[in-house]
Each structure stands twice: as structure tokens, then as C-alpha cells.
Amino acid sequence: MTQQHDQNQTLFERARHVIPGGVNSPVRAFKAVGGTPRFVKRAQGAYFWDANDQRYIDYIGSWGPMILGHGHPAVVEAVQKAVLDGFSFGAPTEREVELAEAILARVPSMDMVRLVSSGTEAAMSAIRLARGATGRSKLIKFEGCYHGHADALLVKAGSGLATFGNPTSAGVPPEVVQHTLVLAYNHIAQLEEAFALHGKDIACLMIEPIAGNMNFVRASVPFMKRCRELCTEHGALLVFDEVMTGFRVALGGAQSVYARALPGFEPDLTVLGKVIGGGMPLAAFGAKRAVMEHLAPLGPVYQAGTLSGNPVATACGLATLQQISQPGFYDDLALKTRQLVAGLQAAADAQGLPFCGDSEGGMFGFFLMPELPQNYPEVMTTNGARFNQLFHGLLDRGVYIAPALYEAGFVSAAHTDADIEQTIGAATEVFRLMGSA
Ligand code: KE4
């Protein structure tokens, strides 16, 4: 594609005049990997076509929501019907009750749920609820976990364990993050020390149970067990941020995966998003009734939203949940995802390239290193230049993975075995080039 005829480049230049960085969310700008973002013209099934009508096998799927693939007919039909009855009312509808019931039926740790419009809004509201329900201010999060861009969560570790966080973004005053303690993921000793020092002041501990914002890092079972025990012991709420893992790694989310290893395991609060909206702006947070009844209009914790429970978004979410609840849906999805990771591993091994990967349900990650990293500093030892070489090599061969080494990947029900094979074939070519470099 010559520069002057690259419609993506033309659009990117035009976009940068009117939208900061030319994008409405930073990761889309390809800043980490370089090159020109692909402007999507349309998508169907496992594919999207860019502004040059170039087809890509899509392993982002809108960063997780498109678990059925793009344009599933039952979902399209549900949305088309819903819009004919109205776009938004700012009043309750039966469908948002139906969606709430459908979510609660699949996530037994919650008795009630509140629908909102983004994962950020859901995580922010969950923290306010945890603080209101406990009467405490402090919160624990983990380095490498991302919970949206609410001020209190844009924070990096302080200088030492006992000190609280420092802002990671301009515009966040230090006093806003003074209650946020940032710990190392999978570090039990640090966790125990934090609770020993601050336990009585901690409202909640928020965690990505499988950290998709570190590409793909699992909380170890012993670590997760201690998170649960220490929250219970000190009266803090354990908040599972399942915006990415909810309905993606299993029908019951990551909490159902941990419950297999830790019988009876439940978080106190769950944050959901992405899949539950089926690609439309919809997220949620939920907990047992005793916690949720602190929320307005019942209780003193204020939380609101013009488009919360939007009738078109709830139609999209419900239709999606109905499809993913079909028997065998996750077995098939998980098998396909495992085959992808295994194929990539074999292709890298054949070239003697360091590579490791992991997956759960329809979510996967891989690292250009021999061993799976257990925390953020280990993830960031990845050779960025080598990842960028892989990213662009795949992109040039019609395979679209996340344009950042710390992001996870997603397989949909629409990805065929042929798509997986084509992806592995493309990776084989790129690894051969990388191996000879
Ligand atoms: P949103 O506000 O972007 O809907 O959700 C924030 C959020 C909360 N929690 C987790 C675990 C998340 O992964 C996210 C958002 N994920 C990113 C991708 N890592 C969305 C992509 C983007 O920021 O453009």
C-alpha cells in the first residue's frame, strides 16, 4: 500500500486534527507498536475490514466484548427490534430487570446488581460503595492491574510499602490517591504486611483475578486464598474486577474458576463489563443485598447515570448472554483458544525463540520469554522491539492482535479452525524472520 493511497493514513491525519491523538482511547493509536492504526470500516464474524478494505482476523474483538464474533444474527435482530421501541427513556424497563436477573443467575456471589455504561464507571462506583458500606477510606490495588481511569485508580506504588500511591496521570492531585495502596501482584508477604499495618482502615481490595492488563497473568491460588482470608479477617471487601474476565473466561467468570480450586470461594463485590454489553456501552457492579442496599435511593452512597440500563444496550447484552449460555459454548471456545496458543508455542519452538502462553476460556496471552511472568516487573522485561516486530509481521499478514505487549487477546465463537491455522501459519513466517534476525 503506497502512502498516498493508504486510507488509514489519510483518516489518521484527518482524525488527529479533531480528536487528541486521533483516537478516543489511547491504546488504539498504535503508540506502543508504531505505525498507522487500522480504521475499521466494517466487521463480521471473526474479521474486520480496514479503510483499504484489507481483511484482518480479529483477536481483539473490541477488547473482549465480541465473544460471539461481530454481527451475530440473533444479537443484531435483538438490537434492531429494541431500537424500534425507543433508544433511551431515563426510566425503568422490564429488559433491564431481565438482564439483571440473567447476570445474577450466572454469578451466585451477587444478590443484586446495578447497571452502568462503562467499566470505569462500574469500578469507580464499586469503590465508593465499598467505602460507604465499611465507613473506611483506604483501598488496595495491584501494580499492573487496570480498573479504568477513575482518579483514585490512576496510581502507582509509593516509595515504600507503608506509603500510599502516587498519581500515574497528570490532573490527579496527590491527595486523591493518598488512600490507595499499590502492592505487587502475587506477593503474599507484602499483602500480609499491608493488612497488618492498615487492616482496620481498608475498605476494599480490588484485583483483576486474571490480569489481562498485564497481557495474561493469573493470581496464584495461594495468593488469592490470602486475599480472601485477609479481607475477611479485617472486614475489608474483596472486589473482583471482572470487566475483562466476566463471561469471557467462563460463564461464571474468573470467580468460578477460583471456586474450583478454593471450594466456596466468593468475592464480596464484582465489577463486570465488556461481554455483558455485547459490544454496546454497558457494565455493572454487584454484591450481596446487605452491601448493595447502601446505594441510593435506598442508602447514602450516591451513584447514578443517564444511560444506565439503556434499553438498546440491555437488548444487546441479553441476546449475547443467551447465546453464550448454550451448552458447550465455553468448552468449544476454550479448546479453540488452547489450540491457538499451542500452535503459536510450537511455531516459536521450531525457531528456537523464547515464548510462553496461557489461556482460560476465550481469553489468552503470550510472552516472548521462556517462563510465564508472575507480576508486572516481570511482564515488562519483554523485549518491546521483538514484540513490535511480531505485531507488525502478523498485521502485514492479516492477523490483528493487541497493539501493546501488556494487553490480552480474545478468541470468539466465530473464529474457525481455518482462522486458527491461518494465524499459526502467519506466526510461523514471522518467527522464521525473527529467528534469522
Ligand atoms: P472501560 O471504562 O474501558 O469500559 O473499562 C475499564 C476497565 C476496567 N477493568 C478492566 C479489567 C479493564 O480491562 C478495563 C478496560 N480494558 C481496556 C483494555 N485493557 C479497554 C481498552 C481501552 O482502554 O481502550
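Given the structure is predicted, the values throughout are model-derived calculations rather than measurements.

**Considering the sheet that holds strand 16 (residues 363-367)**
1) Next: Spatially, 15-16-18 is the arrangement adopted by the three strands of the open sheet, whose pairing is antiparallel. With one partner strand each, in any of the chains shown, strand 15 (356-360) and strand 18 (409-410) form the two edges of the open sheet.
2) Next: Looking at chain direction, strand 15 and strand 16 are connected through five bridges and run antiparallel. What sits directly across from S359, in strand 16, is F364.
3) Next: Contacting strand 15 and strand 16, helix 10 (residues 329-350) crosses the sheet at an angle of about 180° to strand 15.

**What about the packing of helix 10 against helix 13 (residues 417-436)?**
When two helices pack together, their arrangement is captured by the angle between the axes and the distance separating the axes.
1) Next: Where helix 10 meets helix 13, the axes come as close as 9 Å, and the angle between the chain directions of the two elements is 20°. One way to sum up the angle between helix 10 and helix 13 is to call them roughly parallel. With respect to the hand of their crossing, helix 10 and helix 13 are arranged in right-handed fashion. On the side of helix 10, the interface is formed by K336, Q339, L340, G343, L344, A347 and A348, while helix 13 contributes D417, I420, T423, I424, A427, T428 and F431.
2) Next: Grouping the amino acids of the contact of helix 10 with helix 13 by side-chain chemistry returns eight nonpolar, four polar and two charged.

**Considering the packing of helix 2 (residues 73-85) against helix 9 (residues 311-324)**
1) Next: Interhelical geometry of helix 2 versus helix 9 gives an angle of 155° and a closest axis separation of 8 Å. In terms of orientation, helix 2 lies roughly antiparallel with respect to helix 9. Here the hand of the crossing between helix 2 and helix 9 comes out right-handed. Contacts from A74, V75, A78, V79, A82 and V83 of helix 2 reach helix 9 at P311, V312, A315, C316, A319, T320 and Q323.

Rules and cut-offs
Within any chain, residue numbers begin from 1 and follow the written order of that chain's sequence. Owing to the predicted nature of the model, reporting of local features is limited to residues with pLDDT of at least 70; listing and counting of side-chain atom pairs is limited to 80 or more, with chain, interface and lining totals taken over all residues. Processing note: side-chain calculations cover all non-hydrogen atoms of the structure and skip hydrogens and water entirely. Pairing between strands requires that DSSP locate at least two bridges from one strand to the other. For the purposes of this entry, the term helix denotes a DSSP run of H or I that reaches at least four residues, the term strand denotes a run of E that reaches at least two, and both are numbered from the N terminus. Working rule for contacts: check all heavy atoms of both residues, and any pair within 4.5 Å makes them a contact. Orientation is described by lines fitted to C-alpha atoms, with helices fitted over the stretch in contact, and by angles between N-to-C directions that extend from 0 to 180 degrees. The cut-offs work like this: below 35 degrees is roughly parallel, past 145 is roughly antiparallel, 65 to 115 is roughly perpendicular, and the gaps in between are oblique. Two helices that cross are described as forming a left-handed crossing if the nearer one is turned anticlockwise from the farther one by less than a right angle, and a right-handed crossing if clockwise. Following the grouping adopted for this structure description, the nonpolar residues are Ala, Val, Leu, Ile, Met, Phe, Trp, Tyr, Cys and Pro, the charged ones are Asp, Glu, Lys and Arg, and the polar ones are all others, Gly among them.

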